[in-house]
2 protein chains.
Amino acid sequence: MSYNPIDLSLYLVLDPDLCRDLEGMVRTARLAAENGATVVQLRAPGWKRRQWLEAARELKAVLAPFGVPLIINDHVDVALAIDADGVHVGQDDLPATEARRLIGPDKVLGLSVSNAAELAAVPQDVDYLGIGPVYATGTKPDAAAATGVSLFGHLVAAARLPVVAIGGINGGNCAPLFAAGAQGVAVVSAICGQCDPARATAELRTRIGSAKQRR
Amino acid sequence: MSYNPIDLSLYLVLDPDLCRDLEGMVRTARLAAENGATVVQLRAPGWKRRQWLEAARELKAVLAPFGVPLIINDHVDVALAIDADGVHVGQDDLPATEARRLIGPDKVLGLSVSNAAELAAVPQDVDYLGIGPVYATGTKPDAAAATGVSLFGHLVAAARLPVVAIGGINGGNCAPLFAAGAQGVAVVSAICGQCDPARATAELRTRIGSAKQRR
């Protein structure tokens, strides 16, 4: 049972290196929100919390007019400090149950899972799952091995929650993931660091629309 | 005005590398609490939050019987999750005012300052200050330049809060810091990684007692 519905269709995970700096991140987030991104996540593993807080505040202000929720990766305290729309945790972060207790029932809570064992252990507190990496990815050095579309489909079928696919996803390879049951796809380098993030987002959105219709 | 009084006399900052592993940290904390440490801080910059949470839970359980408060460095969410006694933030962490808002009025809040400008900007939300590094230190690679005893004394005189000195402190060099107005000294390698942490703590405690009497 999902507490908080969220449109996972085109889920942008911001990468501070690919976006170069805070200004680049904020600009990318704005262009993505204008052109069809449905969720934005702030993820900056190497940053100190002061920098997280500043970025999160700016992103929240930029995304709010579009009604695009801002999800904070891992840093529950930053999410609380800026009253973000939600939190996304991984298997090495605070357990989902702890995160839910801290953020309360009205915020979105996402959890990353990579395999059937992690899927079986997902608590009720979670709103959606991030499953991946589905394809090989260069933007998360500590990611698990890629599931591929077939195993991804099995995991989605076993999941009782909406699923966003993540890992190496772009416009050219996203369709099979929707066919396999994904509610959405999370992208990093398919938008961050692209010469024209607005156009990249709009094209992704078109492809996602077609893929969802064909389902 | 300090909200929450705390005995800063002998403030142990745990170092996961010097203590080797979680078991070593817990053992060190217990021996230190048994032998006169008055506060213990968990600080593990390289750790994932899941590990922080486990360590914090174990440390809280070990320290509680001694009435020794457990302070969590930087990770306000971990502190909230385990209901720790307090939080210590640095200049790159969540601002003290945000941290206070998240932990509430009844928890201890410490803030690190290294110079007069940082001292002048300390908000009312803080219970105590960590001032340093007073001596050169090997356990915090990103620390500022050492203040030395003289500048430390000037900073303490200008501070309106209890001060714990930190940075390169051991039994042999702690006395001048009390003479300069410190309420306590924070130590890392003077206890963590010592062959006999119990004896090291007891000896420090004796020296601190003498230094405080001579003031």
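Each value, and the rule that gives it
- Along each chain, residues carry numbers from 1 onward, in the same order as the chain's sequence is written.
- Chains carry letters from A onward and ligands carry numbers from 1 onward, assigned in written order.
- Restriction of local features to residues with pLDDT of at least 70 applies here, the model being predicted, together with a cutoff of 80 or more for giving and counting side-chain atom pairs; totals for whole chains, interfaces and linings are based on all residues.
- Side-chain calculation: all heavy atoms of the structure are included, whereas hydrogens and water are not.
- Whether two residues are in contact is decided by their heavy atoms: any pair within 4.5 Å suffices.
- Summed over both partners, the accessible area (1.4 Å probe) lost when two parts come together is defined as the buried area.
- Salt bridges are identified by distance alone: a Lys or Arg side-chain nitrogen within 4 Å of an Asp or Glu carboxyl oxygen.
- Definition of a polar contact: a pair of N or O atoms within 3.5 Å, with one able to donate and the other able to accept a hydrogen when the atoms are protein atoms, and with sequence-neighbouring residues admitted only if both atoms are side-chain atoms.
- Helix numbers and strand numbers start at the N terminus; a helix is a DSSP run of H or I with at least 4 residues, a strand a run of E with at least 2.
- Basically, the charged four are Asp, Glu, Lys and Arg, the nonpolar ten are Ala, Val, Leu, Ile, Met, Phe, Trp, Tyr, Cys and Pro, and anything else, Gly included, counts as polar.
- A helix's residues, less one, multiplied by 1.5 Å, set its expected span.
- Three labels apply to residues, based on accessible area from a 1.4 Å probe with only protein chains included: buried if under 20% of the type maximum, exposed if over 50%, partly exposed otherwise in between.
- Comment: arc refers to directions from the helix axis out to C-beta atoms.
- Whether two strands pair comes down to DSSP finding at least two bridges between them.
- Axes here mean lines fitted to C-alpha atoms, for a helix over just the part in contact, with angles spanning 0 to 180 degrees between N-to-C directions.
- Overlaid copies result from least-squares superposition on C-alpha atoms, with residues included only where pLDDT is at least 70 in both.
- Put simply, a nonpolar core is a bunch of buried Ala, Val, Leu, Ile, Met, Phe, Trp, Tyr and Cys residues held in one set by side-chain atoms that sit within 4.5 Å of each other.
- Just so you know how the angles are binned, under 35 degrees is roughly parallel, over 145 roughly antiparallel, 65 to 115 roughly perpendicular, and the rest oblique.
- Crossings are classed by handedness, with left-handed meaning an anticlockwise turn of the near helix from the far one by less than a right angle and right-handed meaning a clockwise turn.

1. What about the interface of chain A and chain B?
Interfaces are often sized by the amount of accessible area the parts lose when they come together.
Move 1: Contact with chain A, which involves 22 residues of that partner, is made by 22 residues of chain B.
Move 2: Summed over both partners, the interface of chain A with chain B comes to about 1,900 Å²; 50% of that surface belongs to carbon and sulfur atoms.
Move 3: A salt bridge links E98(A) to R57(B), with the nearest nitrogen and oxygen atoms 2.6 Å apart.
Move 4: Inspection of the chain A/chain B interface yields 15 residue pairs in polar contact (both at pLDDT 80 or more).
Move 5: Counting residues per element, the ones that place at least two in the side of chain A that touches chain B are helix 2 (49–63), helix 3 (76–82) and helix 4 (96–103) of chain A.
Move 6: Here the side of chain A that touches chain B takes 5 residues from helix 3 of chain A, the largest share from any one element.
Move 7: Partitioned by chemical class, the residues of the side of chain A that touches chain B number 8 nonpolar, 3 polar and 11 charged.

2. Digging into helix 8 (residues 197–214) of chain B
Residues and elements named next belong to chain B.
Move 1: Under the 1.5 Å per step criterion, the end-to-end length of helix 8 is 26 Å for 18 residues, consistent within 8% with the ideal 26 Å.
Move 2: Listed as buried for helix 8 are P197, A198, A200, T201, L204, I208 and A211. The arc that holds the buried residues of helix 8, viewed along the axis, is 155 degrees, so those residues lie on one side. Among the exposed residues of helix 8, those pointing more than 90 degrees away from its buried face are R199, T206, Q213 and R214.

3. Description of the sheet that holds strand 6 (residues 128–131) of chain B
Residue and element names in this part refer to chain B.
Move 1: A barrel is described by the order of its strands in space; here 8 strands give the closed sequence 1-2-3-4-5-6-7-8, paired in parallel fashion. For this sheet the average axis-to-axis angle between neighbouring strands, irrespective of direction, equals 25 degrees.
Move 2: Where strand 5 (residues 108–113) and strand 6 come together, 4 bridges link them in parallel fashion. Following the sheet pairing, L111 is matched in strand 6 by L129.
Move 3: Sitting on the sheet, helix 2 (residues 49–63) touches strand 1 (10–14), strand 2 (39–42) and strand 3 (70–73), and the angle it makes with strand 3 is about 160 degrees.

4. Quick notes on the pairing of strand 8 (residues 184–187) of chain A
All names here are of chain A.
Move 1: Alternating residues of strand 8 divide into G184 and A186 and V185 and V187, and every residue in both groups is buried.
Move 2: In the sheet, strand 1 (residues 10–14) pairs with strand 8 via 3 bridges, with the strands oriented parallel. Residue pairing in the sheet places L10 in a bridge with V185 of strand 8.
Move 3: Sheet analysis places strand 7 (residues 163–166) next to strand 8, joined by 3 bridges and oriented parallel. Bridge assignment links V164 to a residue of strand 8, and that residue is G184.

5. Points about the relation of the copies chain A and chain B
Move 1: Of the two same-sequence chains, chain A is brought onto chain B (RMSD 0.0 Å, axial shift 0.0 Å) by a rotation of 180 degrees. As the rotation angle and translation indicate, the two copies are arranged about a two-fold axis. If distances are taken from each C-alpha of chain A to the rotation axis, the shortest is found for D77(A), at 2.4 Å.
Move 2: When the interface residues of chain A are mapped onto chain B, 100% of them again fall at the interface, so both copies present the same face.

6. Side note on the nonpolar core
A general feature of soluble globular proteins is that nonpolar side chains tend to end up buried together.
Move 1: Formed by 132 residues in total, the largest nonpolar core has its most connected members in L129(A), I72(B) and L129(B).
Move 2: Sequence-distant contacts of L129(B), that is, excluding residues within four places in its chain, are made with L111(B), V113(B), L119(B), V122(B), A159(B), L161(B), P162(B), V163(B) and V164(B).

7. Quick word on the pattern of salt bridges
Move 1: Taken as a whole and judged by the stated rule, the model has 18 salt bridges over all chains.
Move 2: Here R49(A) and D77(B) are joined by a salt bridge, their closest N and O atoms 3.9 Å apart. Taken together, the positions of R49(A) in helix 2 and D77(B) in helix 3 (residues 76–82) put the pair across two chains. One exposure class covers both R49(A) and D77(B), and it is buried.
Move 3: Taking relative accessible area as the criterion, D77(B) reaches 0% and is therefore assigned buried.
Move 4: What emerges from the salt-bridge pattern is a single network uniting R49(A), D74(A), D77(A), R49(B), D74(B) and D77(B).

8. A word on the packing of helix 1 (residues 22–34) of chain A against helix 2 of chain A
Residue and element names in this part refer to chain A.
Move 1: Interhelical geometry of helix 1 versus helix 2 gives an angle of 25 degrees and a closest axis separation of 9 Å. Taken as axis vectors, helix 1 and helix 2 run roughly parallel relative to one another. Of the two possible hands of crossing, helix 1 and helix 2 adopt the one that is right-handed. Residues L22, M25, V26, A29, R30 and A33 of helix 1 form the contact with helix 2, whose own contacting residues are A55, E58, L59, V62 and L63.

9. Overview of the packing of helix 1 of chain A against helix 8 (residues 197–214) of chain A
Residues and elements named next belong to chain A.
Move 1: For the pair helix 1 and helix 8, interaxial distance at closest approach is 8 Å and the crossing angle is 40 degrees. Here the hand of the crossing between helix 1 and helix 8 comes out right-handed. Taking contact as the criterion, the partners of R27, T28, L31 and A32 in helix 1 are, on helix 8, P197, A198 and T201.
Move 2: A per-class count over the contact of helix 1 with helix 8 returns 4 nonpolar, 2 polar and 1 charged.

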